[in-house]
Structure formats: structure tokens, C-alpha cells
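# Topology and contacts: notes
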Amino acid sequence: MSQLTHLNASGEAHMVDVSAKAETVREARAEAYVLMLPATLAMIVDGSHHKGDVFATARIAGIQAAKKTWELIPLCHPLMLSKVEVHLEAQPDASRVRIETLCRLTGKTGVEMEALTAASIAALTIYDMCKAVQKDMVIGPVRLLAKTGGKSGEFKAEKS
């Protein structure tokens with residue numbers, strides 16, 4: 001098992017020094033789900049929600065969140081992301097919305113936290129916009145799907 005990189009030799013939390021790392025193309029994908037009643041999902045899909053376009057708002061929120069991950073998670077580095085995508089898909093058969101995010105950059109540290117943050121905030125935005133019509137929506141799971149680049153190499157999640 002690997003060492004925890006955010007702990008120094010004394011066991012204290014610290015920001016990892018990436019100055020000696022090579023710049024490589026790094027990419028991560030994550031997903032999240034928001035489960036809801038069929039009527040709530042229908043309202044989103046048919047555009048009858050009184051707050052407007054839920055998917056457009058969630059997409060922009062996810063993109064903004066990826067860019068601000070370093071402000072939200074204490075030991076993350078500020079990153080110059082070159083690409084952020086947030087895809088939202090209504091899945092009526094499961095009465096849910098699936099969110100998939102992609103973050104990419106050329107840099108010295110990975111973008112897993114940015115992809116996970118984008119997916120999480122997009123899901124929370126859907127909840128926020130729809131909570132007036134349904135308060136018991138369920139968010140989850142949120143998980144890393146894949147990552148490439150960097151010293152730790154590639155990761156691909158098992159199919160769920």
C-alpha cells in the first residue's frame with residue numbers, strides 16, 4: 001500500500017511539493033447520480049421547472065467548481081485546467097440524473113479532485129434547484145471513473 005502523500009515525516013498534514021515533477025497531460029473522469037421521483041425528473045426534462053434550465057445551471061456550477069477546487073479542499077494545488085466538461089443525462093428508467101465530468105490539464109499534479117468536485121457540485125445544484133418540489137432526493141454515489149497521467153499511472157474503475 002502507498003504512503004499517504006499529504007502527511008509529512010512527523011505525521012502532520014501538508015501540501016505536497018510538486019516542483020520536481022514533470023509536466024504531463026493529466027485527465028480524470030468522475031460521475032455522480034441524483035435519484036428523484038419520476039415527476040421531478042419529468043419537470044426537469046420537459047423544461048417546466050419554475051427556476052429555469054436545471055441542466056444548464058448544473059453544468060455551469062460543475063465547471064466553476066472544478067476551477068475552484070483548490071479553494072474548497074485545503075491541500076489541493078491551484079491548477080490551470082485546460083478542459084472541463086460536465087455531461088448530464090436524464091435516466092427515466094432509473095428515475096435519476098447521471099452526471100459525468102472530465103477535467104484535463106498539462107501540469108505537475110492530477111485532476112481527480114477537480115473531476116470529483118465538479119460532479120458533486122453539479123449534483124448539489126440539481127438538488128438545490130429542485131428541492132422546492134422534492135426534498136428527499138438522494139445524491140450518490142460519487143466516484144472516480146478514470147485517471148491518466150502522472151507517476152501513479154492509469155486508473156479505471158470497475159463497472160458498477
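Given the structure is predicted, the values throughout are model-derived calculations rather than measurements.

## Structural notes on the nonpolar core
The biggest cluster of nonpolar side chains holds 31 residues, and the ones touching the most others in it are V34, M36, I44, L88, V97, I99 and I126. At the level of elements, β1 (24-35), α1 (38-45), α2 (54-67), β2 (83-91), β3 (96-107) and α4 (112-130) are the ones that each hand at least two residues to this core. Broken down by element, this core gets its largest block of residues, nine residues, from α4. Excluding residues that lie within four positions of it along the chain, I44 makes contacts with M36, V54, F55, I126 and C130.

## So, the UniProt feature "binding site: substrate" (unreviewed entry) in the chain
Per the UniProt record, "binding site: substrate" (unreviewed entry) is annotated on L75, C76, H77, M113 and E114. Look at the named residues: they lie 40 residues apart in sequence, but the longest C-alpha span between them is just 12.5 Å, so in the fold they bunch up. Among the structural elements, H77 can be located in the loop between α3 (69-72) and β2. Taking relative accessible area as the criterion, H77 reaches 15% and is therefore assigned buried.

## Examining the layout of surface pockets
Approximately 210 Å³ is the volume found for the second largest pocket. For the lining of the second largest pocket, the elements supplying multiple residues, two or more each, are β1, β3 and β5 (143-148). A per-element tally of the lining of the second largest pocket places β1 first, with three residues.

## Considering the environment of K156
For K156, the position within the fold is in strand β6 (residues 155-156). Classification of K156 as exposed rests on a relative accessible area of 64%. Counting along the chain gives ten residues from K156 to A146, while the straight-line C-alpha distance between them is 4.3 Å. Here K156 is in contact with L145 and A146, once residues within four sequence places are set aside.

## Focus: the packing of α2 against α4
For the pair α2 and α4, interaxial distance at closest approach is 7 Å and the crossing angle is 145 degrees. At the point where α2 passes α4, the crossing takes the right-handed sense. Judged by residue contacts, V54, T57, A58, A61, G62, A65 and A66 of α2 engage E114, T117, A118, I121, A122, T125, I126, M129 and C130 from α4. Of the residues that constitute the contact of α2 with α4, the class distribution is eleven nonpolar, four polar and one charged.

Criteria and cut-off values
- Residues numbered from 1 in each chain as written.
- Predicted model: local features only at pLDDT ≥ 70, side-chain atom pairs only at ≥ 80, totals over all residues.
- Heavy atoms only, no water.
- Core = buried A, V, L, I, M, F, W, Y, C linked by side-chain atoms within 4.5 Å.
- Buried < 20%, exposed > 50% of the residue type's maximum accessible area, 1.4 Å probe, protein only.
- Helix = DSSP H or I, 4+ residues; strand = E, 2+ residues; numbered from the N terminus.
- Contact = heavy atoms within 4.5 Å.
- UniProt positions renumbered as here; feature names shortened; annotations may be inferred.
- 1 Å grid on protein atoms, 1.4 Å probe; cavity = no way out; pocket = protein on both sides within 12 Å on 5 of 7 lines; lining within 4 Å.
- Points joined across faces, edges and corners; volume = space filled by probe spheres on them.
- Axes fitted to C-alpha atoms, helices over the stretch in contact; angles between N-to-C directions.
- Left-handed = near helix turned anticlockwise from the far one by under 90°.
- Nonpolar A, V, L, I, M, F, W, Y, C, P; charged D, E, K, R; others polar.

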